[in-house]
2 protein chains.
Amino acid sequence: MARPPAAREKILAAYCEIVSSEGERAATLEATAARAGVSKGGLLYHFKSKDALADGVLERLGQAAEADLARMRASPEGPSRYFVRTSVETGTELDTFFVVVMRLAAGQHPGAAEALAAVHGSWWQLIREEVGDDAVADTIMLIGDGIYHHAAMPGSGSTGSTAGYFRGRLDAVLEQVDELRALARARTASGAG
Amino acid sequence: MARPPAAREKILAAYCEIVSSEGERAATLEATAARAGVSKGGLLYHFKSKDALADGVLERLGQAAEADLARMRASPEGPSRYFVRTSVETGTELDTFFVVVMRLAAGQHPGAAEALAAVHGSWWQLIREEVGDDAVADTIMLIGDGIYHHAAMPGSGSTGSTAGYFRGRLDAVLEQVDELRALARARTASGAG
DNA sequence: GTCTATAGTAAGATAGAC
DNA sequence: GTCTATCTTACTATAGAC
């Protein structure tokens with residue numbers, strides 16, 4: 001897999017930035033080209049259509065998700081904590097692509113909803129293996145989704161790499177994830193799992 | 001407050017339906033007018049611009065949220081359970097407006113993000129009063145947000161009034177909400193709150 | 001590989017008839 | 001209060017020069 005042309009990457013990045021910060025509608029070919037520092041014609045050399053641009057993001061989401069899954073699997077704190085903790089992080093490669101694909105899914109872009117579901121399913125499986133209980137895996141996923149929902153919400157006050165609302169509150173939420181995890185283990189140990 | 005013209009309501013409903021199911025971009029004046037059974041000119045008599053249409057939804061969200069808050073306050077099961085349980089419901093009046101305003105917020109519509117934050121803040125306060133602990137109120141809100149995140153996600157398989165994924169799983173999640181609530185009360189009682 | 005120029009289409013909004 | 005007709009603008013995409 002050779003490195004793709006630099007212009008292609010700049011265009012994809014520009015498209016993602018506009019979709020994330022101003023919405024899918026604002027990411028016109030002209031606006032994307034301008035932000036990437038190329039002309040409309042130059043953009044269309046690399047991506048034959050607007051849909052091709054969106055498909056490019058879908059592909060990159062898959063790659064970023066695979067890398068994240070490997071980190072999650074190797075994480076010393078365990079998949080649950082890793083998942084909840086990183087749900088609050090904005091600005092990572094994975095986060096960027098995830099937000100963009102969510103916006104594309106809202107606009108019924110073909111394949112976007114499926115791509116999100118696939119990533120989500122992989123996360124769930126890792127957490128399920130760790131906690132050994134479907135319902136607790138569901139709840140932990142929901143907490144992470146809820147945090148993500150906040151982080152991805154416009155006007156959530158995220159100034160840096162972390163959504164403003166949860167700066168300082170994340171630790172308390174993580175403690176409750178631990179408690180749920182402990183409850184699940186106790187239940188499994190007592191044979192009710 | 002006299003009943004507004006029937007056409008106005010039909011137009012607003014048509015706009016919401018298209019934004020929810022096909023995305024904001026698909027909700028053009030023409031498409032909205034067609035679904036409402038009026039012409040573009042007819043639509044523009046009631047709403048002077050596309051922005052006015054969106055502002056109409058913001059206003060209705062406020063009304064629906066007020067009504068929901070009253071039900072939440074009066075609910076015998078308590079605000080926490082009420083909030084989490086109703087987060088899975090799709091197709092209610094409040095849900096419809098909430099999803100639409102979320103899409104508008106994603107497109108940077110002025111006031112949309114603020115409207116969502118206001119509704120969210122009211123919910124949090126009621127739950128905070130019930131559980132008596134900031135962190136547990138946060139976590140319960142996150143679980144509800146996570147469910148909502150799923151329910152609002154396109155392709156979540158919602159066929160009726162409930163998101164498909166959580167049909168049959170909601171009870172197990174609600175039990176864990178009870179557990180978190182119990183933990184918070186125990187903590188408060190022991191003076192560590 | 002990137003540009004300019006332009007064709008073709010669709011959107012938001014206005015004017016005036018009924 | 002609702003319609004048709006029309007204006008204007010903006011967007012996607014193509015063609016061909018450099």
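Everything numeric here is computed off the predicted structure, so don't read it as measured data.

A. Here's a closer look at the relation of the copies chain A and chain B. Placing chain A over chain B gives an RMSD of 0.0 Å and needs a rotation angle of 180°, together with 0.0 Å of translation along the axis. Expressed as an axis order, the relation between the two copies is that of a two-fold axis. Of the C-alpha atoms belonging to chain A, the one lying closest to the rotation axis is found on A:G146, 1.9 Å away. The share of interface residues of chain A whose copies in chain B are also at the interface is 100%, consistent with both copies meeting through the same surface.

B. The arrangement of the environment of A:R85 in detail. All names here are of chain A. By secondary structure assignment, the location of R85 is in helix α5 (residues 79-87). Each C-alpha atom, one on R85 and one on G42, is 40 Å from the other, the two residues being 43 residues apart in sequence. Those residues in contact with R85 that sit more than four places away from it in its chain are E77, L170 and L174.

C. The arrangement of the layout of surface pockets in detail. Reported here for the largest pocket is a volume of approximately 880 Å³. Together, 40 residues line the largest pocket, and A:R103, A:A106, B:E24, B:R103 and B:A106 are the ones closest to its centre. Residue assignment for the lining of the largest pocket shows that the elements contributing at least two residues are α1 (6-22), α4 (50-74), α6 (93-106) and α8 (134-152) of chain A together with α1 (6-22), α4 (50-74), α6 (93-106) and α8 (134-152) of chain B. With 5 residues, α6(B) is the single largest residue contributor to the lining of the largest pocket. For the lining of the largest pocket, the class distribution of residues is 20 nonpolar, 8 polar and 12 charged.

D. Examining the domain arrangement of chain A more closely. Residue and element names in this part refer to chain A. Each domain of chain A was delimited in the assignment, giving domain 1 (1-48) and domain 2 (58-189). The centre of domain 1, based on its C-alpha atoms, is set 27 Å off from the matching centre of domain 2. Counting residues at the interface gives 9 residues for domain 1 and 8 residues for domain 2. Counting each side, the surface lost to burial between domain 1 and domain 2 is near 660 Å², with a carbon and sulfur contribution of 66%. When the buried area of domain 1 at its contact with domain 2 is split by residue, C16, V19 and S20 rank highest and sum to 51% of it. Scanning the region where domain 1 abuts domain 2 turns up 1 salt bridge.

E. Geometry of the protein's contact with DNA strand C. Taken together, 14 residues form the shell around DNA strand C, and within it A:S39, A:Y45, A:H46, B:L29 and B:K50 come nearest. Take the atoms of DNA strand C that sit within 4 Å of the protein: sugar and phosphate atoms are 66% of them. Taking B:K50, its main chain carries an N or O atom lying 2.9 Å from a phosphate oxygen of DNA strand C. For the surface near DNA strand C, the secondary-structure elements that each account for two or more residues are α3 (40-46) of chain A together with α3 (40-46) of chain B.

F. Representation of the protein's contact with DNA strand D in the model. Neighbouring DNA strand D are 14 residues; A:L29, A:K40, B:S39, B:Y45 and B:H46 lie closest to it. For DNA strand D, a phosphate oxygen lies 2.9 Å from a polar atom in the backbone of A:L29. Interatomic distance of 2.9 Å between a backbone N/O atom of A:K50 and a phosphate oxygen of DNA strand D. Of all the secondary-structure elements, those providing two or more residues to the surface near DNA strand D are α3 of chain A together with α3 of chain B. With 4 residues, the single largest contributor to the surface near DNA strand D is α3(B).

G. Looking closely at the interface of chain A and chain B. In this assembly, 40 residues from chain A lie in contact with 40 residues from chain B. A buried area of about 3400 Å², summed over both sides, lies between chain A and chain B, and 60% of it is on carbon and sulfur atoms. Inspection of the region where chain A meets chain B yields 6 salt bridges. Between B:R169 and A:D138 there is a salt bridge whose closest N-O contact spans 2.7 Å. Summed over the shared surface of chain A and chain B, the result is 14 residue pairs in polar contact (both at pLDDT 80 or more). At the level of elements, α1, α6, α7 (112-131), α8 and α9 (170-189) of chain A are the ones that each hand at least two residues to the side of chain A that touches chain B. Of the residues that constitute the side of chain A that touches chain B, the class distribution is 20 nonpolar, 10 polar and 10 charged.

Calculation rules
Residues numbered from 1 in each chain as written. Chains lettered and ligands numbered in written order. Predicted model: local features only at pLDDT ≥ 70, side-chain atom pairs only at ≥ 80, totals over all residues. Heavy atoms only, no water. Least-squares fit on C-alpha atoms with pLDDT ≥ 70 in both. Contact = heavy atoms within 4.5 Å. Helix = DSSP H or I, 4+ residues; strand = E, 2+ residues; numbered from the N terminus. 1 Å grid on protein atoms, 1.4 Å probe; cavity = no way out; pocket = protein on both sides within 12 Å on 5 of 7 lines; lining within 4 Å. Points joined across faces, edges and corners; volume = space filled by probe spheres on them. Nonpolar A, V, L, I, M, F, W, Y, C, P; charged D, E, K, R; others polar. Domains from an automatic or database assignment. Buried area = accessible area lost by both parts, 1.4 Å probe. Salt bridge = Lys/Arg side-chain N within 4 Å of Asp/Glu carboxyl O. Near = heavy atom within 4 Å. Polar contact = N/O pair within 3.5 Å; in protein donor to acceptor, adjacent residues only side chain to side chain.

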